[in-house]
Amino acid sequence: MRNIQLIFKKEDIEPEQMKGKVAVVFDILFATTTITAALEDGAESVFAVYDQAQAREKARSLDEDSYVLAGEEQGRTIDGFYHPLRTYLNPIVKGKHLILSTTNGTVAINRSSQAEHLYTSSLLNNREMAKHLVEQHKGDQTIVLVCSGTSGHFTMEDFYGAGSLLSYLVEKETFNLSDAAQTALQFYNGLSLSPYELLRSTKIGNILLDFGMHERELKFAAQEGSLHTICKYDQDSRQIKEVE
């Protein structure tokens, strides 16, 4: 029986211990939701970078018309970057490389990059991700669900996102869940709120709304199971691409 573990926040990731594992990173508000949407909308790939300095460095290595630079720091759009939400990126990202820098999610992806297989997921594509994990990873590799959290703290939306994926996984196969994973599953299954109501109730959701974000962004992120895109990190190119 395969093991599933859960990490509560990016600061708890021990990169060396990710080796040989199948990792799935969550940053529901919004990095992994943005990545899912960008690839669904035809982006060539996503470069998830640590910070804006690394983003600018990556941009200098690419042809000027081949990429879109998007990012936020502490919830505010970085000067000279596009706002990293689907509303802003959808009209411009098709056929481009998205260079994405965020406070939490892209950092969690980089800290998890030593995993043998690394994915990003969201409420949008969790159903399809569960199907992919069960069909494509049939050995005894441990699956690690990574919640990005924020600034050293646990976040409810990432924990909920991990619980969502777990709910689809356990429908398809029997797993040995760690206590943290079991708690995420029970939290997800026991919640009476809709996905949108959950996201609307979170601290990060409210902070972003206070910064002027439109509620349609939360409503989009809450559309559980609406997309079929599988987002996988390529170790050689350090790009996240859609699995064909």
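As the structure is a prediction and not an experimental result, all values here were calculated from the model.

Caption draft 1: Inspection of the overall build of the protein chain at higher detail. Helix and strand counts for the protein chain come out as ten helices and eleven strands. What you see for the protein chain is a C-alpha radius of gyration of 16 Å, in line with the 18 Å of a compact globule of 244 residues. The buried share of the protein chain, reckoned over its 244 residues, is 55%. Within the protein chain, contacts between residues at least 6 apart in sequence are counted, and of these 79% link residues at least 24 apart. By element, 44% of the accessible surface of the protein chain is carried by carbon and sulfur atoms, the whole surface being about 10900 Å². Each charge class in the protein chain can be summarised by its mean position, and for the 24 positive and 34 negative side chains these summaries are 0 Å apart.

Caption draft 2: Representation of the side chain of S66 in the model. Relative to the assigned elements, S66 resides in the loop between α2 (52-60) and β4 (67-73). Excluding its chain neighbours within four sequence positions, the residues that come into contact with S66 are K96 and H97.

Caption draft 3: Fine view of the environment of L85. Looking at the secondary structure, you find L85 in the loop between β5 (76-77) and α3 (86-89). For L85, a relative accessible area of 4% translates into the label buried. As a C-alpha pair, L85 and A59 span 26 residues in sequence and 19 Å in three-dimensional space. Leaving out residues up to four positions away in the same chain, L85 has contacts with F30, T34, M213 and E217.

Caption draft 4: Spotlight on helix α6 (residues 156-172). The first and last C-alpha atoms of α6 sit 25 Å apart over 17 residues, in line with the 24 Å expected at 1.5 Å per residue. Most of α6 sits inside the fold, with 13 of its 17 residues counted as buried.

Caption draft 5: Highlighting the nonpolar core. Ranked by size, the top nonpolar core spans 42 residues in total, and within it I4, L6, L29, L145, L165 and L199 carry the most contacts. Residue contributions to this core peak at seven residues, all from α6. The residues touching I4, leaving out its near neighbours within four places in the chain, are I143, L145, L166, L169, F175, N176, L177, S178 and A181. A43, V46, L98 and Y233 belong to the second-largest nonpolar core, a separate cluster that totals 26 residues.

Caption draft 6: Looking closely at the packing of aromatic side chains. Considering all chains together, one arrives at six aromatic pairs under this definition. Ring geometry for F159 versus F187: centroids 5.7 Å apart, planes at 40°, classification tilted. Within this pair, whereas F159 is found in helix α6, its partner F187 is found in helix α7 (residues 179-190), the two being separated by 28 residues in sequence. Among the residues examined, F187 registers a relative accessible area of 23% and is labelled partly exposed. Measuring from ring centre to ring centre gives 6.4 Å for Y160 and F187, while their planes differ by 85°; the resulting arrangement is edge-to-face. Highlighted residues: Y160 in helix α6 and F187 in helix α7, separated in sequence by 27 residues. Here the basic side chain of R76 rests over the ring of F211, its NZ or CZ set 3.9 Å away from the ring centre. Over the face of the ring belonging to Y196 we find K219, whose NZ or CZ atom lies 5.7 Å from the ring centre.

Quick notes on the rules
Residues numbered from 1 in each chain as written. Predicted model: local features only at pLDDT ≥ 70, side-chain atom pairs only at ≥ 80, totals over all residues. Heavy atoms only, no water. Helix = DSSP H or I, 4+ residues; strand = E, 2+ residues; numbered from the N terminus. Rg over C-alpha atoms; globule rule 2.2 N^0.38 Å. Buried < 20%, exposed > 50% of the residue type's maximum accessible area, 1.4 Å probe, protein only. Contact = heavy atoms within 4.5 Å. Areas by Shrake-Rupley, 256 points an atom, 1.4 Å probe, with all protein chains shown as cover. Lys, Arg positive; Asp, Glu negative; His and termini not counted. Charge placed at Lys NZ, Arg CZ, Asp CG, Glu CD. Expected span 1.5 Å × (residues − 1). Core = buried A, V, L, I, M, F, W, Y, C linked by side-chain atoms within 4.5 Å. Phe/Tyr/Trp six-rings, centres within 6.5 Å; stacked < 30°, edge-to-face > 60°. Lys NZ or Arg CZ within 6 Å of the ring centre and 35° of its normal.

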